[in-house]
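Chain residues, written in single-letter form:
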Amino acid sequence: MEEYDVICFKSVLGGIGYGGNKAAQETAVRNLYRALKPGGYLVFAENLTATPVHQLLRRKFNRWNTWRYITIKEALAFCSDFSEVRWRCFGFLGTFGRSEGQRRALGRIDTALDWLLPSSAKYIISVAARK
């Protein structure tokens, strides 16, 4: 197997978990861990389940309803084999924008409100995990 210093991805695990398949998400991260060199990094950003409001609006407005959003706890559990894991959550309003301009404007508000909201209310997690 080839080994890599860094593996990065964004919004991939949700699709891998198609139809509620958490085991496939766990397997994917385990395989990525194996593909890293010792000391290598897995860096990713994923959409979180977030709040009940986020979940309701996704069901109402998203045509794809087979995406498996992860929780913070799951993201960290997927990375349990790594020697070091740093993570941060962000975003609350940005996802509600229907156009890129709206998302940018709401994202600026998110930046200002970031310190007020708990991680559990946010809809994106970024993770840097060191093997």
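What comes next concerns the included structure. Going along each chain's sequence as written, the residues are numbered from 1 onward. Where totals are concerned, whole chains, interfaces and linings use all residues; where local detail is concerned, this predicted model gives features only for residues with pLDDT of at least 70, and gives and counts side-chain atom pairs only at 80 or more. The side-chain figures draw on all heavy atoms in the structure; neither hydrogens nor water molecules are used.

1. Observations regarding the nonpolar core
Applicable threshold: As used here, the term nonpolar core means buried Ala, Val, Leu, Ile, Met, Phe, Trp, Tyr and Cys residues forming a set that is joined through side-chain atoms within 4.5 Å. Exposure is judged per residue with a 1.4 Å probe applied to protein chains only, and the accessible area is read against the type maximum: over 50% gives exposed, under 20% gives buried, and values in between give partly exposed. The helix count covers DSSP runs of H or I at least four residues long, the strand count covers runs of E at least two residues long, and both are numbered beginning at the N terminus. Contact criterion: two residues are considered in contact whenever any of their non-hydrogen atoms come within 4.5 Å of each other.
Membership of the largest hydrophobic core comes to 20 residues, with the highest contact counts inside it found for Leu 13, Leu 42, Phe 44, Phe 82 and Ile 125. Elements represented by at least two residues in this core include exactly strand E1 (4-10), helix H2 (22-35), strand E2 (36-47), helix H4 (72-78) and strand E4 (124-130). Setting aside anything within four residues of it in sequence, one finds Leu 42 in contact with Ile 7, Phe 9, Val 29, Leu 32, Leu 36, Phe 82, Val 127, Ala 128 and Ala 129.

2. Some thoughts on the sheet that holds E1
Where we set the bar: Strand pairing is defined by DSSP finding a minimum of two bridges between the two strands. Every axis in this analysis is a line fitted to C-alpha atoms, fitted for helices over the stretch in contact. Angles between the N-to-C directions lie between 0 and 180 degrees.
Taken together, the four strands give an open sheet; going across it, the order is E1-E2-E4-E3, and neighbouring strands pair in mixed fashion. Lying at the two open borders of the sheet, with one neighbouring strand each, are E1 and strand E3 (84-90). Sheet twist, expressed as the mean angle between neighbouring strand axes with direction ignored, is 5°. In the sheet, E3 pairs with E4 via seven bridges, with the strands oriented antiparallel. Of the residues in E4, the one forming a bridge with Glu 84 is Arg 130. Here H2 sits on the sheet and contacts E1 and E2; the angle it forms with E2, its principal contact strand, is near 145°.

3. A few points about the pairing of E2
When a strand is regular, its side chains alternate between the sheet's two faces. Both E1 and E2 contribute to a ladder of six bridges, which runs parallel. Each residue of the ladder has a partner; that of Lys 10, found in E2, is Ala 45. Note: E2 against E4, seven bridges, orientation antiparallel. When the bridges of E4 are listed, Leu 42 appears paired with Ala 129.

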